[in-house]
Amino acid sequence: MKLVDHWQRQIRKLRVSLTDRCNLRCRYCMPLHPNFMDKHSYLTPDEYVDIIQELLTYGIEEIRITGGEPLVRPEFSEIMLKLSMLSIPQLSLTTNGILLHQYWEILKKCNVTKINISLDSLQPKTFASITYRNSLSRILENIRQAVAQGFDIKINVVLMRGINDCELFDFIEYAQKLSVTVRFLELMQIGYANELYDHHFISAQECINQLQTRYRMNRINSVSDSTAFYFELDSGVKVGFIASESQPFCNSCSRWRLSADGRLFACLFIEKGISIRNISSETRHHIYEQLLGMKPIQRSAHVLRAMYGIGG
Ligand code: SAM
Ligand code: SF4
């Protein structure tokens, strides 16, 4: 059975959270003193394998490992090595990049070639004011190393008015210098970001308008269920936008999310997930059908649930 809903959307991508813990405290994502899950409630490496192995038979083709920060999970290597035995068509990673230098060999061994690295500022002070940590130089060095080793890198920037929007052009130059793709994410009304939204939201179209004052931007095709749309500049640099607020992509969304404690979420903008642990595959089958029915065709305006708890 394939996971196809009433609107003919097929679920073929799964975001898998390894932990809700993190070594940064991005203001829009988590508070300074978060209430984390009990570590004992995290899915074990074998539970990840069982769940993902089953979902592959339902047509899941892409697994993106995320969190929290996936690289702070002590069993990261074990989980990745076990998952890499499952012949997942595409296994990729989203990370803040701080610990990447410890994992090059594991990532290569597991055939992870695509890595999205979040980086909201190139300025040490602004970086620290967003993340409450001074990790910028480590991240920049790891991005340099990742590119040198041939990983396919996308830099994800959550652009916020009055905070880092003055770096729009700097990010283009940075991406050009490193030959990486840069993507600007609209601030989404999720959890702690709700407090920032009114003052700091900036739309993708406003960024595009600004960029067009300096560059010719040629729209390029992306796959139909991509969350991002892309342009190529004359210099060859690729610039993407994830405009979840101003141009939601619900009608082509193909994603579910698995939280670190084993709950499946049909949509980022749903408050509650359904636990799929310690139950028979027959019961899980019914839950999958239930989740297909829970996926909205139009996202809700905002959710209170914090982003780090579900896996971004
Ligand atoms: N820690 C990893 C990282 O930062 O890449 C993975 C998890 S993080 C939740 C995944 C992505 O979600 C990051 O690119 C982060 O910037 C983005 N994100 C978190 N909260 C967001 C929000 N309210 N609006 C837009 N993007 C958000
Ligand atoms: Fe951590 Fe990623 Fe959330 Fe930032 S966005 S606090 S790096 S989980």
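Residues numbered from 1 in each chain as written. Chains lettered and ligands numbered in written order. Predicted model: local features only at pLDDT ≥ 70, side-chain atom pairs only at ≥ 80, totals over all residues. Heavy atoms only, no water.

**Examining the packing of aromatic side chains**
This structure, assessed with the given rule, holds 12 aromatic pairs. Relative to F241, the ring of F184 has its centre 5.9 Å away and its plane inclined at 35 degrees; by these criteria the two rings are tilted. Highlighted residues: F184 in strand β6 (residues 181-186) and F241 in strand β9 (residues 238-242), separated in sequence by 57 residues. The pair F184 / F241 is uniform in exposure class, with both members buried. In textbook terms, an aromatic cluster arises when at least three aromatic residues are bridged by ring pairs, as seen for F171, F184, F229, F231 and F241. Against the face of F231 rests R219, its NZ or CZ located 5.7 Å from the ring centre. (Phe/Tyr/Trp six-rings, centres within 6.5 Å; stacked < 30°, edge-to-face > 60°. Helix = DSSP H or I, 4+ residues; strand = E, 2+ residues; numbered from the N terminus. Buried < 20%, exposed > 50% of the residue type's maximum accessible area, 1.4 Å probe, protein only. Lys NZ or Arg CZ within 6 Å of the ring centre and 35° of its normal.)

**So, the site of ligand 2**
All residues adjacent to ligand 2 are C22, L24, C26, C29, M30, G68 and N96. Here the residues of the shell around ligand 2 sort into five nonpolar, two polar and no charged. (Near = heavy atom within 4 Å. Nonpolar A, V, L, I, M, F, W, Y, C, P; charged D, E, K, R; others polar.)

**Digging into helix α5 (residues 136-148)**
For α5, spanning 13 residues, the distance from its first C-alpha to its last is 18 Å, which sits close to the expected 18 Å at 1.5 Å a residue. Buried residues along α5 sit in contact with α3 (104-109), β4 (114-118), α4 (124-131), β5 (152-159) and α6 (168-178). (Expected span 1.5 Å × (residues − 1). Contact = heavy atoms within 4.5 Å.)

**Focus on the site of ligand 1**
In the neighbourhood of ligand 1, 18 residues make up the surrounding shell, with Y28, G68, E69, S118 and M188 lying closest. Within the backbone of G68, an N or O atom sits 3.0 Å from a nitrogen atom of ligand 1. At 2.5 Å, a side-chain N or O of S118 approaches an oxygen atom of ligand 1. Protein coverage of the free-state accessible area of ligand 1, which is 540 Å², stands at 95%. Of all elements in the fold, only β3 (90-95), β5 and β6 reach the threshold of two or more residues within the shell around ligand 1. (Polar contact = N/O pair within 3.5 Å; in protein donor to acceptor, adjacent residues only side chain to side chain. Areas by Shrake-Rupley, 256 points an atom, 1.4 Å probe, with all protein chains shown as cover.)

**Quick word on the sheet that holds strand β2 (residues 62-66)**
Pairing is mixed in the open sheet, where 12 strands are placed in the order β7-β8-β9-β6-β5-β4-β3-β2-β1-β10-β11-β12. Edge positions in the open sheet fall to β7 (217-220) and β12 (274-275), since each of these has one partner strand only. By the bridge criterion, four bridges tie strand β8 (residues 229-233) to β9 in an arrangement that is antiparallel. Bridging across to β9, F231 finds its partner in V239. (Pairing = 2+ DSSP bridges.)

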